[in-house]
Amino acid sequence: MESGLESLGLATLLLIVLAGFAAGWVDAVVGGGGLIQLPALLLVPGITPVQALATNKMGSIFGTATSAATYYRRVGPDLKTALPMAVIALAGSFGGAVLAANLPASVFKPIIVTALVAVALFTALKPDVGGITALRHDGHKHYVVACLIGAVIGFYDGLIGPGTGSFLVIALVSAMGYAFLEASAKAKIVNMATNAGALLFFLPHGSILWGVGLLLGAANMAGGYLGARTAVKQGSRFVRVVFLLVVSALIIKLGYDVWQENFA
């Protein structure tokens, strides 16, 4: 069982704590905290990409659990929808992690960039979407759509990961008709489950740096708590603005990766 802390200098240690806090805040509002946290983890001397991914998931699950609890107390999301989504998403995430061990993420990155551009345009060109909750489906169909979203995005999280929370939010807003704030509250519950699904795969392989993961987890919890409170206080308009900023950052980051892998 590796700690990972023994090889960290003070500057790297502080950077990881700050990155974990910022990632927890961003994840709590709209998702996408891995954009901040994963690059910071790669600064740990000797860390492998698999160790970075596994440790990132461990840190993130503390933050998503904290923000999910905060949202639940203050927003009261419908658990009849969120819990089945979460269970399906956990299974999907585990399946995605299994495939990720055998298939490079670079295969999917161009598709993800295209999807993110479409999401950003949809959100920017439809300013009224996500302002209030107006559910698009009734009865059985509502839960079927919710579970399909959980399965697809859970699988994506286990396979690649960046932007999972953002994809969950926009799917809940556009496909199901939730307001941004309520969508974000449900997304945290589901995202907690996708993190757990990936961890179930990584744990037997001994890929987690436990000391770094627990440190990240503590920082994530603080950021997640503050982020959830900020989102609840500011409302759906604020969540929408942060969502567009995070999705734009994801497009730039993944677009740059695709360029480097194929054209540089």
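Just above sits the structure.
It should be emphasised that the depicted structure is a prediction, and the values quoted were computed from it without experimental measurement.

Procedures and definitions
Residues numbered from 1 in each chain as written. Predicted model: local features only at pLDDT ≥ 70, side-chain atom pairs only at ≥ 80, totals over all residues. Heavy atoms only, no water. Core = buried A, V, L, I, M, F, W, Y, C linked by side-chain atoms within 4.5 Å. Buried < 20%, exposed > 50% of the residue type's maximum accessible area, 1.4 Å probe, protein only. Helix = DSSP H or I, 4+ residues; strand = E, 2+ residues; numbered from the N terminus. Contact = heavy atoms within 4.5 Å. Phe/Tyr/Trp six-rings, centres within 6.5 Å; stacked < 30°, edge-to-face > 60°. Axes fitted to C-alpha atoms, helices over the stretch in contact; angles between N-to-C directions. Left-handed = near helix turned anticlockwise from the far one by under 90°. Nonpolar A, V, L, I, M, F, W, Y, C, P; charged D, E, K, R; others polar. Expected span 1.5 Å × (residues − 1).

A. Examining the nonpolar core more closely. Of all hydrophobic cores here, the largest spans 45 residues; its most connected members are Ile149 and Phe243. Only α1 (10–29), α4 (79–100), α5 (109–125), α6 (139–159), α7 (164–174), α8 (180–202), α9 (210–234) and α10 (236–262) provide two or more residues apiece to this core. Once residues within four sequence positions are removed from consideration, Phe243 is found in contact with Val30, Val119, Thr123, Ser166, Val169, Ile170 and Phe180. Among the nonpolar cores identified, the runner-up in size contains ten residues, and Ala54, Leu199, Phe201 and Ile208 belong to it.

B. Quick look at the packing of aromatic side chains. Here the structure, examined in full by the defined rule, presents six aromatic pairs. Centre to centre, the rings of Trp25 and Phe238 are 6.2 Å apart; their planes meet at 85°, and the pair counts as edge-to-face. With Trp25 in helix α1 and Phe238 in helix α10, this pair connects stretches of sequence that are 213 residues apart. What makes Trp25 partly exposed here is its relative accessible area of 22%.

C. View of the side chain of Thr164. Examined against the element boundaries, Thr164 turns out to sit in helix α7. Other than its neighbours up to four places away in sequence, Thr164 contacts Ile153, Tyr156, Asp157, Asn191 and Thr194.

D. Highlighting the packing of α1 against α9. Look at α1 against α9: their axes get within 6 Å of each other, and the N-to-C directions meet at 35°. Between α1 and α9 lies a crossing of right-handed hand. For the pair α1 and α9, the contacting residues are Leu13, Ile16, Val17, Gly20, Phe21, Ala23, Gly24, Trp25, Ala28 and Val29 in the first and Leu215, Leu216, Ala219, Asn220, Ala222, Gly223, Gly224, Leu226, Gly227, Ala228, Thr230 and Ala231 in the second. The residue inventory of the contact of α1 with α9, partitioned by class, reads 15 nonpolar, seven polar and no charged.

E. Here's a closer look at the environment of Ala68. In this fold, Ala68 is placed in helix α3 (residues 49–74). As a C-alpha pair, Ala68 and Phe122 span 54 residues in sequence and 26 Å in three-dimensional space. In this view, Ala68 contacts Lys188 and Ile189; residues no more than four positions away in its chain are not counted.

F. Local environment of α3. In this model α3 runs 37 Å from its N-terminal to its C-terminal C-alpha over 26 residues, within 8% of the 38 Å that 1.5 Å per residue would give. Where α3 terminates, the next one or two residues include Gly76, which has phi positive at roughly 65°.

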